[in-house]
Amino acid sequence: MARLLVLAAVVLVLSLSTGGWGEQTGQEAPWRIHTLFSVECQNYFDWQTVGLMHSFKKARQPGPITRLLSCTDDEKKNYRGMNLAPTLEVPSMSRHPRTGDWYPAINKPAGIVHWLKHSKDAENVDWVVILDADMIIRGPIIPWELGAEKGRPVAALYGYLVGCDNILAQLHTKHPELCDKVGGLLAMHIDDLRALAPMWLSKTEEVREDRAHWATNFTGDIYGKGWISEMYGYSFGAAEVGLRHKINDNLMLYPGYVPQDGIEPILLHYGLPFTVGNWSFSKLEYHEDGVVYDCGRLFPEPPYPKEVKLMEADPRKRRALFLSIECINTLNEGLLLQHAANGCSKPKWSKYLSFLKSKTFSELTRPKFLTPDSIQAEEAVQKQVSDEPRRPYPKIHTIFSTECTTYFDWQTVGLIHSFHLSGQPGNITRLLSCTDEDLKLYTGHDLAPTHYVPSMSRHPLTGDWYPAINKPAAVLHWLNHADIDAEFIVILDADMILRGPITPWEFKAARGQPVSTPYGYLIGCNNELAQLHTRHPEACDKVGGVIIMHIEDLRKFALLWLHKTEEVRADKAHYARNITGDIYESGWISEMYGYSFGAAELNLRHGINREILIYPGYVPEPGVKYRVFHYGLKFVVGNWSFDKANWRDTDLVNKCWAKFPDPPDPSALDASDDDILQRDLLSIECAKKLNEALYLYHKRRNCPDPNSLSKSAWDTATEATMSRKFGRFEGSYVARSDHGPMNISKQSSLPVVTDRAFSSFRFWLVGLWAFSVLGFLAVMLVVFLGRRGRGRKTKNYKSKRRSYPGTLDSNGHDRDM
């Protein structure tokens, strides 16, 4: 009992030493600040509340804070978290009272309207800071220090709100030119909030009901489900009342992202998954987690700062890793204190708990303050908004081509997940080529924003089976049938993982000069193949993989790309490897030549960039930050390997918790050769990103909790989908990346070797077991009968080892037992 009293006293002292629920000093008009955040009655929001409230006190944020808690009457009966924060209860609008629509995000504007009408605090405040629950405050958020003025709120940039630039804004506000792409952090004068809040709620309802414009190309919502209607409700509502924001992209940072030099973010928004070495965190994994109420339990501990220093040589990326571990450590510190407040007994000593209570951690997490660079950046952004209302960069649209198979589905899941994390501007569209019969049975419609394309796998005129032709055919169909407002198109393959943005302004693409990556094995550009198939063989570029092209160039080029593909495919006399570089000599890379020859016809010369793409298994060039993994070739790390061709017939998307075999732990790698180490680290990163994408996809589709099953569904799925190694790798695993691969494993079907080795081996095991049992019984019978004989003893008896033919060793060879 005495121990509990001591813990409670510690919590009380900590609260008093940090100003209770907020710093009250200096809270006089016109400088009174109030912080708001909105949640629901769920464990998911409770642990976020603990993290935000702890960081609020730790950062010494001025003024009081209020949690706007939206709950139904039934939810409140069993709710345990009323004491987690100063709270205003708000009637839940998760189920809309008029339409019946289930949309919990509407509780945010509804809660603010309720606070303005019913809270006395709203009558004694000048400035309001609005945050999300999944945030960690690092330093005081002072509206006027950020540059906020009455009529000019400050906000963080939400660049993916593309609806501000298209018909969505024209439909939902009379002033589309005033629509700002903002959210996350909002700091505004109370008078502005009073004018805005009712319009924010009304516009949220309006956008939510506009189902005809939920598609990704209108909203930027990768799920196309209208989930970000509340964000548009804010932007359109602000435009309606004439509020223009001072947009600052330096105040808030997503853990995992790299801050700019000289910038000190004062807010961490952990809305996206992030990783530090072999450790990772995703808030979605803890959607139903009652960690707030489980004494002694915290989130998995991240690496220590000393370990992080050894992980990354680049100072900017290392700083990003430090911010990531600061985020989760602050969350865990808050949980530790909350457990004490809940009356939990003192947890057992551990190295991690000792670190959280250490002076080192206290020093690392002292309140952070705005740097001059942050203010300068804010002013520069504002000047751009004020003086240059047009966007500084052209719009981008990313596309990739697939077919109606589970093989392409798991690749799509990986690419879409990485697109979402990469910061790639603009929208993404999957060009899905299917026959009518395939489409009837296909279940992967929701995997990505999709444009459906008639399949040309079986050529309608020649009957030739060549699925790779679907790529140029799909691009042409998309250009002719889709409403495209982008200026530049980025074309990828499905078997890619994005690691960062690919933009025309960074890689110097322009109209008349596309940019691509080297495909050095396209030797046909230098021989008779080019002379036969293009009038300008000297303009043939050996490129492919990633393509950045102006929309007008693509419109002129796409038809030629398709026609040249058909032409090269029909030229069977020149399939030979010494002419094409195709190791299969089957015309499989005809589409690649179709691209190069089609571009040559128009004299489109490419900027060839070797720093965009790398194949896992190739040694990276020192200092190059590759933007794309292209896992078209087998790659190996120690005894572990990955070859996408081995997973052609495995359904990893529709089987709950199916995944690829985990790659080795990076800490187990040999660091004696830095080239090999960096190669293997990239290979592991690629494999982990694929598994992360699959895990989050299964989580979203509400797969049952694997921990609730008698045998882990995750392990079962893994056993069912373990790869069978076959085939051989062409070329050296340690070849330099700029040499390019000897050949590319194309996306569409090559002949697949069937392997019944596992079933045969199981048969041998059963037979061996039965034979061993019978042999043992026979030996025992002989011994027993011998003892019952005349009892004569034989001296110097030597037992003979028995040899059992047909017994297999681990390599499948005959051996003696």
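Structure report, in brief. Predicted, not measured: the structure shown is a model, and the values here were computed from it.

### A closer look at the overall build of the protein chain
Thought 1: Along its length, the protein chain carries 25 helices and 24 strands.
Thought 2: When the 817 residues of the protein chain are sorted by exposure, 54% land in the buried category.
Thought 3: At a minimum sequence separation of 6, the contacts of the protein chain that also span at least 24 residues come to 76%.
Thought 4: As displayed, the protein chain offers around 38400 Å² of accessible surface, 54% of which is attributable to carbon and sulfur atoms.

### With respect to the sheet that holds strand β15 (residues 450–454)
Thought 1: Sheet architecture is open: seven strands sit in the order β15-β14-β13-β16-β19-β18-β20, paired in mixed fashion. The open sheet has two edge strands, β15 and β20 (607–608), and neither has a second partner.
Thought 2: With four bridges joining them, strand β16 (residues 488–493) and strand β19 (residues 543–550) adopt antiparallel strand pairing. Among the inter-strand pairings, Phe 488 is bridged to a residue of β19, identified as His 550.
Thought 3: Docked against the sheet, helix α20 (residues 551–570) engages β16 and β19, running at close to 135 degrees with respect to β19.

### Concerning helix α7 (residues 190–209)
Thought 1: For α7, with 20 residues, the first-to-last C-alpha span of 29 Å sits near the 28 Å given by 1.5 Å per residue.
Thought 2: Along α7, the sharpest kink reaches roughly 35 degrees, centred on Leu 196 and followed within four residues by the proline Pro 198.
Thought 3: Taken residue by residue, α7 has Ile 190, Asp 192, Leu 193, Leu 196, Ala 197, Trp 200, Leu 201, Lys 203, Thr 204, Val 207 and Arg 208 as its buried positions.
Thought 4: Summarising the contacts, the buried residues of α7 are in contact with α4 (107–118), β4 (127–131), α6 (167–172), β7 (182–189) and α9 (229–240).

### Looking at unusual backbone geometry
Thought 1: A positive phi is found at Lys 508, a non-glycine position, where the angle reads about 65 degrees.
Thought 2: Mapped onto the secondary structure, Lys 508 falls in the loop between α18 (504–507) and β18 (515–518).
Thought 3: Backbone geometry at Asn 702 places phi at a positive 60 degrees, although glycine is not the residue there.
Thought 4: Relative to the helices and strands, Asn 702 resides in the loop between α23 (674–700) and α24 (713–720).

### Looking at the state of the cysteines
Thought 1: On inspection of all chains with the given rule, the structure shows six disulfides.
Thought 2: Paired through a disulfide, Cys 164 and Cys 179 show a sulfur-sulfur distance of 2.0 Å. Taking the torsion about the S-S bond as the criterion, the Cys 164 to Cys 179 disulfide, at about -45 degrees, is left-handed. Residue Cys 164 is located in the loop between β6 (154–157) and α6, and its partner Cys 179 is located in the loop between α6 and β7; the two are separated by 15 residues in the primary sequence.

### Structural notes on the pairing of strand β13 (residues 396–403)
Thought 1: The buried count for β13 comes to eight of eight residues, which makes it a mostly enclosed element.
Thought 2: Side-chain alternation along β13 places Ile 396, Thr 398, Phe 400 and Thr 402 on one buried face and His 397, Ile 399, Ser 401 and Glu 403 on a second face that is also buried.
Thought 3: In the sheet, β13 pairs with β16 via six bridges, with the strands oriented parallel. Opposite Ser 401, over in β16, you have Asp 493 as the bridge partner.
Thought 4: This β-α-β element, β13 to helix α15 (residues 406–422) to strand β14 (residues 427–434), shows right-handed connectivity.

### Quick notes on the sheet that holds β6
Thought 1: The seven strands lie next to each other as β3-β2-β1-β4-β7-β6-β8, forming an open sheet whose pairing is mixed. Only two strands of the sheet have a single partner each, and these edge strands are β3 (87–91) and β8 (246–247).
Thought 2: Contacts from helix α2 (residues 43–58) reach β1 (33–40), β2 (65–71) and β4 within the one sheet, and its direction differs from that of β1 by about 165 degrees.
Thought 3: Contacts from α4 reach β1, β2, β3 and β4 within the one sheet, and its direction differs from that of β3 by about 115 degrees.

### A short note on the environment of Leu 52
Thought 1: Structurally, the position occupied by Leu 52 is in helix α2.
Thought 2: Relative accessible area serves as the criterion here: at 0%, Leu 52 is assigned to the buried category.
Thought 3: Each C-alpha atom of the pair Leu 52 and Ile 137 lies 6.9 Å from the other, and the pair is 85 residues apart in sequence.
Thought 4: Apart from residues no more than four positions distant in its own chain, Leu 52 is found in contact with Phe 37, Leu 131, Asp 132, Ala 133, Met 135 and Ile 137.

### Brief notes about the packing of α2 against helix α11 (residues 315–341)
Thought 1: Running from amino to carboxyl end, α2 crosses α11 at an angle of 100 degrees, the nearest separation of the two axes being 8 Å. Taken together, α2 and α11 sit at an angle that is classed as roughly perpendicular. Contact with α2, carried on its side by Trp 47, Val 50, Gly 51, His 54, Ser 55 and Lys 58, involves Thr 330, Leu 331, Glu 333, Gly 334, Leu 335, Leu 337 and Gln 338 of α11 and no other residues of that element.

### Digging into the packing of aromatic side chains
Thought 1: Within this structure, the stated rule accounts for 41 aromatic pairs.
Thought 2: Relative to Phe 299, the ring of Phe 281 lies with its centre 5.4 Å away and its plane at 80 degrees, an arrangement referred to as edge-to-face. Remark: Phe 299 occurs in the loop between β12 (279–281) and α10 (305–311) and Phe 281 occurs in strand β12; sequence separation between them is 18 residues. For the residue pair Phe 281 and Phe 299, the accessibility class agrees, reading buried in each case.
Thought 3: Pairing Tyr 286 with Phe 299 gives two aromatic rings, centres 4.8 Å apart and planes at 75 degrees, and the pair type is edge-to-face. Here Phe 299 lies in the loop between β12 and α10 and Tyr 286 lies in the loop between β12 and α10, a separation of 13 residues in the sequence. Just as Tyr 286 is buried, Phe 299 falls in that class too.
Thought 4: Connected via pairs of aromatic rings, a cluster forms that spans Tyr 44, Phe 45, Trp 47, Tyr 270, Phe 274, Trp 279, Phe 281, Tyr 286 and Phe 299.
Thought 5: In this structure, Arg 648 packs its charged tip against the face of Tyr 407, placed 4.4 Å from the ring centre.

### Here we look at the pattern of salt bridges
Side chains that carry opposite charge are capable of pairing whenever their charged atoms lie near each other.
Thought 1: Going through the model one piece at a time under the given rule, you end up with 34 salt bridges.
Thought 2: In this structure, Asp 165 and Lys 181 form a salt bridge, with 2.5 Å as the shortest nitrogen-oxygen distance. Here Lys 181 lies in the loop between α6 and β7 and Asp 165 lies in the loop between β6 and α6, a separation of 16 residues in the sequence.
Thought 3: Residue classification places Asp 165 among the partly exposed residues on the basis of a relative accessible area of 30%.

### A closer look at α15
Thought 1: Between its first and last C-alpha, α15 extends 24 Å over 17 residues, near the 24 Å set by a 1.5 Å rise per residue.
Thought 2: Counting buried positions over the 17 residues of α15 gives 15, a clear majority of the element.
Thought 3: Just downstream of α15, Gly 423 is the residue with a positive phi angle, here 80 degrees.

### As for the side chain of Asp 495
Thought 1: Mapped onto the elements, Asp 495 comes out in the loop between β16 and β17 (496–498).
Thought 2: At 3.1 Å, the side chain of Asp 495 forms a polar contact with the side chain of His 630.

### Some points on the pairing of β18
Thought 1: Bridging between β18 and β19 involves four bridges; their strand directions are antiparallel. Residue pairing in the sheet places Val 515 in a bridge with Ile 548 of β19.
Thought 2: As defined by bridge partners, β18 adjoins β20 across two bridges and the pair is classed as parallel. Each bridged residue has a counterpart across the sheet, and for Ser 516 the counterpart in β20 is Ile 608.

Rules of the game
- Residues numbered from 1 in each chain as written.
- Predicted model: local features only at pLDDT ≥ 70, side-chain atom pairs only at ≥ 80, totals over all residues.
- Heavy atoms only, no water.
- Helix = DSSP H or I, 4+ residues; strand = E, 2+ residues; numbered from the N terminus.
- Buried < 20%, exposed > 50% of the residue type's maximum accessible area, 1.4 Å probe, protein only.
- Contact = heavy atoms within 4.5 Å.
- Areas by Shrake-Rupley, 256 points an atom, 1.4 Å probe, with all protein chains shown as cover.
- Pairing = 2+ DSSP bridges.
- Axes fitted to C-alpha atoms, helices over the stretch in contact; angles between N-to-C directions.
- Expected span 1.5 Å × (residues − 1).
- Bend = angle between axes of the 7 residues up to and from the residue.
- Disulfide = S-S within 2.5 Å.
- Right-handed = clockwise from strand over helix to strand, strands pointing away.
- Parallel < 35°, antiparallel > 145°, perpendicular 65-115°, else oblique.
- Phe/Tyr/Trp six-rings, centres within 6.5 Å; stacked < 30°, edge-to-face > 60°.
- Lys NZ or Arg CZ within 6 Å of the ring centre and 35° of its normal.
- Salt bridge = Lys/Arg side-chain N within 4 Å of Asp/Glu carboxyl O.
- Polar contact = N/O pair within 3.5 Å; in protein donor to acceptor, adjacent residues only side chain to side chain.

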